[in-house]
Amino acid sequence: MDAKVGDDVFKQDPSVNELQSRVADMFGMEDALFCPSGTMTNQIAIKTHTNPMDELICDKLSHVYKYENGGYAYNSGIAIKLIEGKYGKITADQVRASVNPNYDWLANSKLVVIENSCNTGGGTYYTKEEIVPIRDACTDLNLRLHLDGARLFNVLVETEESTHEIGQLFDSISICMSKGLGAPVGSLLLGKKDFIARARKFRKAMGGGMRQAGFLAAACNYALDHQVDRLKIDNDRAKELGKILESCSYVESVLPVMTNIVIFNLNENITAAEFVKKLESKGIIASAFGPQKVRLVTHLNIDEQMMKQTKNILKELSS
Ligand SMILES: *Cc1c(COP(=O)(O)O)cnc(C)c1O
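What this report covers is the structure whose coordinates are included nearby.

What counts, and at which threshold
- Residues numbered from 1 in each chain as written.
- Predicted model: local features only at pLDDT ≥ 70, side-chain atom pairs only at ≥ 80, totals over all residues.
- Heavy atoms only, no water.
- Axes fitted to C-alpha atoms, helices over the stretch in contact; angles between N-to-C directions.
- Helix = DSSP H or I, 4+ residues; strand = E, 2+ residues; numbered from the N terminus.
- Parallel < 35°, antiparallel > 145°, perpendicular 65-115°, else oblique.
- Contact = heavy atoms within 4.5 Å.
- Nonpolar A, V, L, I, M, F, W, Y, C, P; charged D, E, K, R; others polar.
- Pairing = 2+ DSSP bridges.
- Core = buried A, V, L, I, M, F, W, Y, C linked by side-chain atoms within 4.5 Å.
- Buried < 20%, exposed > 50% of the residue type's maximum accessible area, 1.4 Å probe, protein only.

## Details of the packing of helix α7 (residues 152–159) against helix α11 (residues 231–246)
Packed helices, taken two at a time, are described by their axes: the angle between them and the distance between them. Remark: α7 packs on α11, axes separated minimally by 9 Å, with the N-to-C direction vectors making an angle of 85 degrees. In terms of their interaxial angle, α7 and α11 are classed as roughly perpendicular. Every residue of α11 that contacts α7 at Phe-153, Asn-154, Val-157 and Glu-158 is listed here: Leu-231, Lys-232, Asn-235, Asp-236 and Lys-239. Here the contact of α7 with α11 is built from residues that sort into three nonpolar, two polar and four charged.

## Concerning the sheet that holds strand β9 (residues 261–266)
If you walk across this open sheet you meet the four strands as β8-β9-β11-β10, and the pairing is antiparallel. Either end of the sheet is taken by a strand with one partner, and the two such strands are β8 (251–254) and β10 (287–288). Pairing analysis gives two bridges linking β10 to strand β11 (residues 293–297), with the strands arranged antiparallel. Paired with Ala-288 across the bridge in β11 is Val-294. Where helix α12 (residues 272–281) meets the sheet, it contacts β9, β10 and β11, and its direction lies at approximately 35 degrees from that of β11.

## Re the nonpolar core
The biggest cluster of nonpolar side chains holds 45 residues, and the ones touching the most others in it are Ile-114 and Ile-173. Judged by nonpolar contacts, the second largest core, of 25 residues, contains Ile-244, Ala-272, Phe-275 and Ala-286.

## So, the sheet that holds strand β3 (residues 79–83)
Pairing in this open sheet of seven strands is mixed, and the strands run β1-β7-β6-β5-β4-β2-β3 from one edge to the other. Strand pairing shows two members of the sheet lacking a second neighbour, β1 (31–35) and β3, which therefore form its edges. Going from strand to strand, the sheet's axes swing by 20 degrees on average, the running direction of each strand aside. Relative to strand β6 (residues 172–176), strand β5 (residues 144–149) runs parallel, the two being bridged by four bridges. Bridged to His-146 within β6 is Ser-172. Strands in contact with helix α6 (residues 128–140) are β4 (108–115) and β5; relative to β5, the strand with the most contacts, it is inclined by about 145 degrees.

Encoded structure:
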């Protein structure tokens, strides 16, 4: 609450300016834009990269496809080409095969979006080695490449890759401060100077220009100072939960646990809705991610005692 604030619509909020230049520098990008949500940073990126009748290429599990109300069509008037990836991850060959020839009746392939980590894929991640060929394909085919990096820091604490290495590979990056990093509000969009200048106009048009946003930006700066390294704890805890679930009688299968997300399929004796209710009655909040699919997420508000309790309850339900 002691943050220095100003009017960010006039670029006069010192805390927002500090956050934007800090994160841009961190990734070796020219500029950054603070927005109220990750949906908005993704939507602004799509809008800024494309024109109506262009086409976006992404995995069929992508957030930009599944969870943004079809915003790519609503905001940008573009088509979408879905790739059947593996746990939410696509390959350069799949990108190359998805590009439309230049016919009057086919949408113009323009933008590739990859998600790292992949939420619905089970928190799986791409390594830099896996991204480079996708980058090369995009360069060859004149496609832009956007990273939905809502949970990117959960990945980087695993791979130990640098933010600079990742920044080099993308035309734009979206990062959420309000997920594992624990800030109350906010996401950042990173890109080149002229890209961010145009993105600012779309942010205003979408109602995302904020006045004394420095209170929020200061919390994001705090999160970057204090909450990045500890994400490894969340990832490790998710792996522990995944291991336990693998031997539980009610579980059919567990998706590979690579970061702080655990997605598992229940066997036919119980539905996800019923199971989530059961967990809730024991004080554990989980999400139903499909008729038989449940998601658990670990984060900074979970402590060792809560972990112990959760592990015990998951085991008890198995007996
Ligand atoms: C949460 C999330 C978003 C959107 O962020 P909001 O701030 O909730 O709008 C985008 N992509 C992924 C992968 C996410 O997990």
